[in-house]
Amino acid sequence: MGKGKFLPCHSVVTQRNINIQPLSLIITRPQTAARLANTDPSSFTTMRIKFPILAIFLEVVIIILFGLFVKYDTVDRRQVYPLFQDVHVMIFVGFGFLMTFLKKYGFSSVGINFLVAALGLQWGILLQGFWHMHSNEIHINIGSMINADFSTAAVLISFGAVLGRTSPIQMLIMAIFEITIFACNEHLVVSVLQATDTGASMTIHAFGAYFGLAVARVIYRPALKNGHKNEGSVYNSDMFAMIGTLFLWLFWPSFNSAIAATADAQQRAIINTYFALAAGTLTAFATSILVEGRGKLDMVHIQNATLAGGVAVGSCADLNILPFGAMLIGSTAGFISVAGFKYLTPFFASKLKIQDTCGVHNLHGIPGLLGGIASIIAAALQVENNLSTGMQAAALGCSIAIALVGGAFTGLILHLPFWEQPPDQNCYDDSVYWEVPLEEPSYESSFHLPREPQQAQH
Amino acid sequence: MGKGKFLPCHSVVTQRNINIQPLSLIITRPQTAARLANTDPSSFTTMRIKFPILAIFLEVVIIILFGLFVKYDTVDRRQVYPLFQDVHVMIFVGFGFLMTFLKKYGFSSVGINFLVAALGLQWGILLQGFWHMHSNEIHINIGSMINADFSTAAVLISFGAVLGRTSPIQMLIMAIFEITIFACNEHLVVSVLQATDTGASMTIHAFGAYFGLAVARVIYRPALKNGHKNEGSVYNSDMFAMIGTLFLWLFWPSFNSAIAATADAQQRAIINTYFALAAGTLTAFATSILVEGRGKLDMVHIQNATLAGGVAVGSCADLNILPFGAMLIGSTAGFISVAGFKYLTPFFASKLKIQDTCGVHNLHGIPGLLGGIASIIAAALQVENNLSTGMQAAALGCSIAIALVGGAFTGLILHLPFWEQPPDQNCYDDSVYWEVPLEEPSYESSFHLPREPQQAQH
Amino acid sequence: MGKGKFLPCHSVVTQRNINIQPLSLIITRPQTAARLANTDPSSFTTMRIKFPILAIFLEVVIIILFGLFVKYDTVDRRQVYPLFQDVHVMIFVGFGFLMTFLKKYGFSSVGINFLVAALGLQWGILLQGFWHMHSNEIHINIGSMINADFSTAAVLISFGAVLGRTSPIQMLIMAIFEITIFACNEHLVVSVLQATDTGASMTIHAFGAYFGLAVARVIYRPALKNGHKNEGSVYNSDMFAMIGTLFLWLFWPSFNSAIAATADAQQRAIINTYFALAAGTLTAFATSILVEGRGKLDMVHIQNATLAGGVAVGSCADLNILPFGAMLIGSTAGFISVAGFKYLTPFFASKLKIQDTCGVHNLHGIPGLLGGIASIIAAALQVENNLSTGMQAAALGCSIAIALVGGAFTGLILHLPFWEQPPDQNCYDDSVYWEVPLEEPSYESSFHLPREPQQAQH
């Protein structure tokens, strides 16, 4: 151990390119990470310059574009404001806290989620707006804000796939590229193909998941193929993650109904999502115990697979599939999602060289696919006569194809060596990019002080 | 201590029926619990079978019944959707986190609350719907979703009484029985007696509390009569519980007004609940310091008694009792609730053999009674001329009577020995039913590492 | 250390007036604090009497005044109920959790925030109502509840300035005085000067900040001029604080638009605030890394400065400043706020003898000023023709002047020695006023038990 504390300083110098030491030797305690940053001038001085320059440059560009194009819409859309606020909470609290399950990555999970979403919604307004200009003006109302939040959801899903192995700089770049590509695919699916995807199973969930997986594949880190010491959770970090899970679960009916066309369609979307989630939650709990060798519930499944029903019912949410139809879709999704976490994620990591930190493939990828397939079946059953099997299939196909190609392309850019990527041994560690408080005895830890037996007396 | 680590393996074999060792000898560290589960094949293999079978069986039955009976309603009830969402947050975040105060039971509190509510709302739709069928069809809209969430509230209140001493399997069974009985009592009170109970002081709060207390009495555990090592809170678990408290407190006006008949009644219900809660909060703080020997605030009181005003004003919420009337009810409830925690709960545990983990009797039981009595007085004062003193009294009486009988009956079923009940020494311990993360040094605990002095330098 | 444990008992006796020992000698562990309280009879017995008497006295007075004056309004304002609920969450969850960043002060931050807001909203209804009586009656509707919540916001901002150095008794007194003065200033600004301040940059944010800073100046503690051991955060306390940050950030558009006059103005206020916050968040992140010597993000900045855009755009929120105008205001605020935390707060503490615990000057003070100036510029540019530069300037001037004078006056009252102020060495420590749980090994800390190596085996 005494020797160990010198190793990392050395390792930082070398491992930028490739990490030659076995992980067992790598010290990942925050103190070490902090000291590393100190002893490695290149690391922080460049971050101190690059990040602010990029962020401020992007904000300046956005403000100029807003000044040139964006005006208030005169249409009164305040009736959807409560739905917007539900979606808004999902984006910032839901996605943000869902990713706080990692023991040493809470600041980054909720903080970088915050940063990326704040950038993404501004960029989303512009990119979505460019497709619907009136006399060279983008007219925005509360409906536009819902769509802007939606476009950030795709990025945040992709963020979950690469969580802990990327820098804030990389995330800003990914947000710009992904939202640009997302807006094109959305236009293709909705306006060109005229497919139905009210809850965005295909255009947001499947798209975001496969985009993120493609990025993860390109920035694959061989040194982490046996996992990483920081990748686990602790008790309180799992509790924080449940805050994200529940707010996502609760407001999902708003997400799936926010842009529904008619009053009937909107109420159907709310009801279908409500029951799909409830049914999926029961099957997720049941499957979690079933697949766990020791017959216990696994927090990873409860935090994620309980939401799969909301993803899967998305494309059909506003269709006349009847509540029991929604429940069938939801319970299937809950089952498949848990199975994915148990069997597919390890396979992806070992065989496909895709490290999926949050298992977004199981929460958004497969359930998104399932949602697209459900919409094809719904079209085949003619639950609504303006639905085309071909168009739904085309929408699903191009969403995934564009996501994979776009993700791979974006991944190549993110793979460039000068984006302040975290060293392998400091992955999943806040202290690389955050001032982490030095711990003093808090109430939580005071138990361990030597004189505790006396305390027990009163 | 070295000897201690062998004891539990032995104890598990014996204590299923009765626990013969003094608690001082029982080891309750999660690691131990985990090892126990490992060394006790019966425990987890059967759980692994029984829980999934029951959960999936219930979901299949529900989906079939939905397929047979449940259709969309054509009435547009989207105007109550924001109220529904507030209630929805109360059920899953409010009740869920309120119960996370136990130091080792956060996963179960928020997780099993999640499971039970997801099952309960589906079952509630059916059981409430059976009372209002149109040509053998149950027509559901957003209003039905509010009532379904309401029916789960009763179960979650009862859950609080037996928290930590029951298995997930028992909770699924309790949910099915309690909601069935709840729906009958609700029909009796609202449709037959035509009593007023807008905020459901009687039909949800008093009913849920006394149902849970009856169950707790039947499944009483003598071995825990001197309390349990795990029953306390830690600093962070008390913080998590405040999340539940605040979201319950904030959205209570929505809970009490969601099903109000007229616009006036609804606005009155919102205003009355707002002031009843505010007044009750002040008296709860004052009483907490008053009853604590050392003149300090007790988190248990702040987490619970501050909500009593919302319970107590429920039955009268939409009546013309004037804001100051609501404040009188609220401040009385805040005072009584704290007194109940201080004096009644110990009495219940020692004399009546009722172990009430969350003190639901003080938060829902007595304040629910108070609410019923307030509605009787309101009827006597003729604040509204269609109110009948007799009917209000009958509603209160039958709600409590049916709750006690129904709870006792359900308790007998839950007392059967094959529901995977937790061993006495593993009560209030997540690790019996959950994979609990093995702790590594997180930032929170890194302070205690030997080399901390060096850390202090930077 | 053995010696240390006797020191505090002595110190408590002496330090009420002045603390003569170097902080390094002062022991601030909760156990110590708890024992102190025990060994100092005066401390808790008087608290046990004074607090309940004051709280109950205030509640009785309020109920009597409500009985005399407050009636239901017949106007149906349910359309603003969702906006009210958003503001309500900001007041209790937003402000409450934002202040939980201190390692040992979470109970007080969220708990006393809860108490003060519950008192404040009742007092606010009366004080604001007295300015708009109809035939000696105060008619309240949901709009009045929004304004009542607003009036508590000013107090909670001031609370942030003195957090950790005051007693619950002092906070009740401050709430009564501040809301009284706030209501007068609000009347002056809105009704007399007829200035525009929809989002209350001046009347709530600047007012609350400078009121709190004036109080902080008067109750300055020389013994804490070199800081305090408890003043830092721990990992989980910073995570809890992010809950407050995000809910404030998300619902700020509701805060700034809740009392907008017309549909157009309201939708503009929502849109402008949405973009001001998003732009301010990017600049806050960029500036945080820029000013931190080590090129890392500082949680204090992320928790606070990301909100400055919402404060600064407040006064102009409903004006026709165009989205890019809102973004300019927001990004300026994000930059200035971080700079304030970095350079101004230390200067205030050392030179001006103003200890600003939460840095409210940087989050509410300067951005509030900026908001007022922005409204003056907007008036000069005649973005709306009924705006007067003079009146806006007068509104800003009198808000700050009245806040400073009122705060100084209130501070003198709070400085009286019999309000159960915490001893210097127990500042920022819950255990002075709260029963703090004795820690047992929780999952979070179980790792550190001596026998941990054995645990590691399974």
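Residues numbered from 1 in each chain as written. Chains lettered and ligands numbered in written order. Predicted model: local features only at pLDDT ≥ 70, side-chain atom pairs only at ≥ 80, totals over all residues. Heavy atoms only, no water.

## Let's talk about the overall build of chain A
If you tally the helices and strands in chain A, you get 16 helices and two strands. Within chain A, residue pairs in contact and separated by at least 24 positions form 83% of the contacts whose partners lie at least 6 positions apart. (Helix = DSSP H or I, 4+ residues; strand = E, 2+ residues; numbered from the N terminus. Contact = heavy atoms within 4.5 Å.)

## Section: the pattern of salt bridges
Residue and element names in this part refer to chain C. All told, the structure shown has 15 salt bridges over all chains when counted by the stated rule. With a shortest N-O distance of 3.0 Å, Arg-78 and Asp-76 are connected by a salt bridge. What makes Asp-76 partly exposed here is its relative accessible area of 36%. A salt bridge links Asp-424 to Arg-221, with the shortest nitrogen-to-oxygen separation between them at 2.5 Å. In this pair, Asp-424 is assigned in the loop between helix 15 (389–414) and helix 16 (443–446) and Arg-221 in the loop between helix 8 (201–218) and helix 9 (235–257), connecting sequence segments 203 residues apart. (Salt bridge = Lys/Arg side-chain N within 4 Å of Asp/Glu carboxyl O. Buried < 20%, exposed > 50% of the residue type's maximum accessible area, 1.4 Å probe, protein only.)

## Considering helix 5 (residues 106–129) of chain A
For helix 5 of chain A, with 24 residues, the first-to-last C-alpha span of 34 Å sits near the 34 Å given by 1.5 Å per residue. Of all 24 residues making up helix 5 of chain A, 24 are buried, and the element is well covered by its neighbours. (Expected span 1.5 Å × (residues − 1).)

## Overview of the relation of the copies chain B and chain C
Mapping chain B onto chain C leaves a residual RMSD of 0.0 Å; the transformation is a rotation of 120° accompanied by 0.0 Å of translation along its axis. Interpreted geometrically, this transformation is the action of a three-fold axis. (Least-squares fit on C-alpha atoms with pLDDT ≥ 70 in both.)

## With respect to the packing of helix 10 (residues 263–291) of chain A against helix 5 (residues 106–129) of chain B
Packing of helix 10 of chain A against helix 5 of chain B brings their axes to within 9 Å, and their N-to-C directions diverge by 130°. With respect to helix 5 of chain B, the element helix 10 of chain A is oriented oblique. As for the relative orientation of helix 10 of chain A and helix 5 of chain B, their crossing is left-handed in sense. Seen from helix 10 of chain A, the contacting residues are Tyr274(A), Phe275(A), Ala278(A), Ala279(A), Thr281(A), Leu282(A) and Phe285(A); seen from helix 5 of chain B, they are Gly111(B), Phe114(B), Leu115(B), Ala118(B), Leu119(B), Leu121(B), Gln122(B) and Ile125(B). Here the contact of helix 10 of chain A with helix 5 of chain B is composed, by residue class, of 12 nonpolar, three polar and no charged. (Axes fitted to C-alpha atoms, helices over the stretch in contact; angles between N-to-C directions. Parallel < 35°, antiparallel > 145°, perpendicular 65-115°, else oblique. Left-handed = near helix turned anticlockwise from the far one by under 90°. Nonpolar A, V, L, I, M, F, W, Y, C, P; charged D, E, K, R; others polar.)

## Comments concerning the packing of aromatic side chains
With the rule as written, the count across this model stands at 66 aromatic pairs over all chains. Measuring from centroid to centroid gives 6.4 Å for Phe347(C) and Phe348(C), while their planes differ by 65°, and the two rings are edge-to-face. Look at Phe347(C) and you get partly exposed, because its relative accessible area is 38%. A cation over a ring is seen here: Arg217(B) above Tyr220(B), with NZ or CZ 5.9 Å from the ring centre. (Phe/Tyr/Trp six-rings, centres within 6.5 Å; stacked < 30°, edge-to-face > 60°. Lys NZ or Arg CZ within 6 Å of the ring centre and 35° of its normal.)

## Topic: empty space enclosed by the protein
Inspection of every chain in the model, using the stated rule, returns 13 cavities of 30 Å³ or more. Considering only enclosed or pocket space, the largest cavity measures out at about 260 Å³ in volume. If you go around the largest cavity, you meet 21 residues; those closest to its centre are Asp86(A), Asp86(B), Phe251(B), Asp86(C) and Phe251(C). Of all elements in the fold, only helix 4 (81–98) and helix 9 (235–257) of chain A, helix 4 (81–98) and helix 9 (235–257) of chain B together with helix 4 (81–98) and helix 9 of chain C reach the threshold of two or more residues within the lining of the largest cavity. (1 Å grid on protein atoms, 1.4 Å probe; cavity = no way out; pocket = protein on both sides within 12 Å on 5 of 7 lines; lining within 4 Å. Points joined across faces, edges and corners; volume = space filled by probe spheres on them.)

## Brief notes about unusual backbone geometry
For residues that are not glycine, phi is negative in most cases, and the peptide bond is trans in most cases. All names here are of chain B. Residues other than glycine seldom take positive phi values, yet Leu-322 does so here, at roughly 65°. Structurally, the position occupied by Leu-322 is in helix 13 (residues 322–350). With a relative accessible area of 24%, Leu-322 lands in the partly exposed category.

## Considering the environment of Gly212(C)
All names here are of chain C. Considering the arrangement of structural elements, one finds Gly-212 in helix 8. In this structure Gly-212 comes out as buried when scored by relative accessible area, which is 0%. Between the C-alpha atom of Gly-212 and that of Ala-403, which follows or precedes it by 191 residues, the distance is 8.2 Å. Among all residues touching Gly-212, those that are not within four sequence positions of it are Ser-158, Ala-161 and Val-162.

## Points about the interface of chain B and chain C
Every contact between the two is made by 81 residues of chain B and, on the other side, 84 residues of chain C. Of the roughly 7400 Å² buried at the junction of chain B and chain C (both faces included), carbon and sulfur atoms supply 70%. Interface area lost by chain B to chain C is led by Tyr235(B), Tyr274(B) and Leu282(B), which between them contribute 11%. The tally of links from chain B across to chain C stands at one salt bridge. Our enumeration of links across chain B and chain C arrives at 19 residue pairs in polar contact (both at pLDDT 80 or more). (Buried area = accessible area lost by both parts, 1.4 Å probe. Polar contact = N/O pair within 3.5 Å; in protein donor to acceptor, adjacent residues only side chain to side chain.)

## What about the side chain of Gln355(A)?
All names here are of chain A. Mapped onto the secondary structure, Gln-355 falls in the loop between helix 13 (322–350) and helix 14 (360–380). On the basis of relative accessible area, Gln-355 is assigned to the buried category, the value being 8%. At 3.1 Å, the side chain of Gln-355 forms a polar contact with the backbone oxygen of Arg-221. Setting aside residues up to four positions removed in sequence, Gln-355 forms contacts with Ala-161, Arg-165, Ala-216, Tyr-220, Arg-221, Leu-224 and Lys-225.

## Quick look at a nonpolar patch on the surface
A cluster of nonpolar side chains, contributed by Ile56(A), Val60(A), Ile64(A) and Leu68(A), occupies part of the molecular surface with about 350 Å² of accessible area. Along the chain, the position of Leu68(A) falls in helix 3 (residues 41–69). (Patch = residues over 30% accessible without salt bridge, like charges linked within 9 Å, V, L, I, M, F, W, Y side chains within 5 Å. Areas by Shrake-Rupley, 256 points an atom, 1.4 Å probe, with all protein chains shown as cover.)

## Quick look at helix 8 (residues 201–218) of chain B
Residue and element names in this part refer to chain B. A rise of 1.5 Å per residue sets the reference length of helix 8, with its 18 residues, at 26 Å; its end C-alpha atoms lie 25 Å apart and thus fit the reference within 8%. Most pronounced at Phe-207, the bend in helix 8 amounts to some 30°. Along helix 8, 16 of the 18 residues are buried, which leaves the element largely enclosed by surrounding structure. (Bend = angle between axes of the 7 residues up to and from the residue.)

## Details of the packing of helix 14 (residues 360–380) of chain C against helix 15 of chain C
Between two packed helices, both the angle of their axes relative to each other and the distance between the axes serve to describe the pair. Residues and elements named next belong to chain C. Axis separation between helix 14 and helix 15 bottoms out at 8 Å; the angle between their running directions is 165°. When the interaxial angle is binned, helix 14 and helix 15 end up roughly antiparallel. Where helix 14 crosses over helix 15, the two elements pack in a sense that is left-handed. Facing Leu-369, Gly-372, Ile-373, Ser-375, Ile-376, Ala-379 and Ala-380 of helix 14, the residues of helix 15 in contact are Thr-389, Gln-392, Ala-393, Leu-396 and Ile-400. Looking at the contact of helix 14 with helix 15, its residues break down into eight nonpolar, four polar and no charged.

## Some words on the state of the cysteines
In the structure shown here, the tally under the stated rule is zero disulfides over all chains. Cys398(B) supplies the cysteine sulfur nearest to Cys316(B), a cysteine that is in no disulfide, at a spacing of 17 Å. (Disulfide = S-S within 2.5 Å.)

## Some words on the environment of Ser257(C)
Residues and elements named next belong to chain C. Here Ser-257 is to be found in helix 9. When its relative accessible area of 0% is taken as the criterion, Ser-257 is described as buried. Spatially, the C-alpha atoms of Ser-257 and Ile-142 are 15 Å apart, while their sequence positions differ by 115 residues. The residues contacting Ser-257, other than those within four sequence positions of it, are Leu-83, Gln-266, Ala-269 and Ile-270.

## Re the confidence of the model for chain A
Reading predicted coordinates in detail is not appropriate for stretches of low pLDDT. All names here are of chain A. On average, residues of chain A carry a pLDDT of 88, and 86% of them reach 70 or more. Every residue in residues 1–42 scores below 50 in pLDDT, and together they form 72 contacts with partners more than four places removed in sequence or on other chains. Taken as a whole, residues 445–458 scores under 50 in pLDDT and shows 23 contacts with residues more than four places along the chain or in a different chain. We note a pTM of 0.90 for the whole complex and an ipTM of 0.89 for its interfaces. (pLDDT = per-residue confidence, 0-100.)

## As for the environment of Met391(A)
Residues and elements named next belong to chain A. Tracing the backbone through its elements, the reader meets Met-391 in helix 15 (residues 389–414). By relative accessible area, Met-391 is classed as partly exposed at 36%. Excluding residues that lie within four positions of it along the chain, Met-391 makes contacts with Leu-193 and Ala-195.

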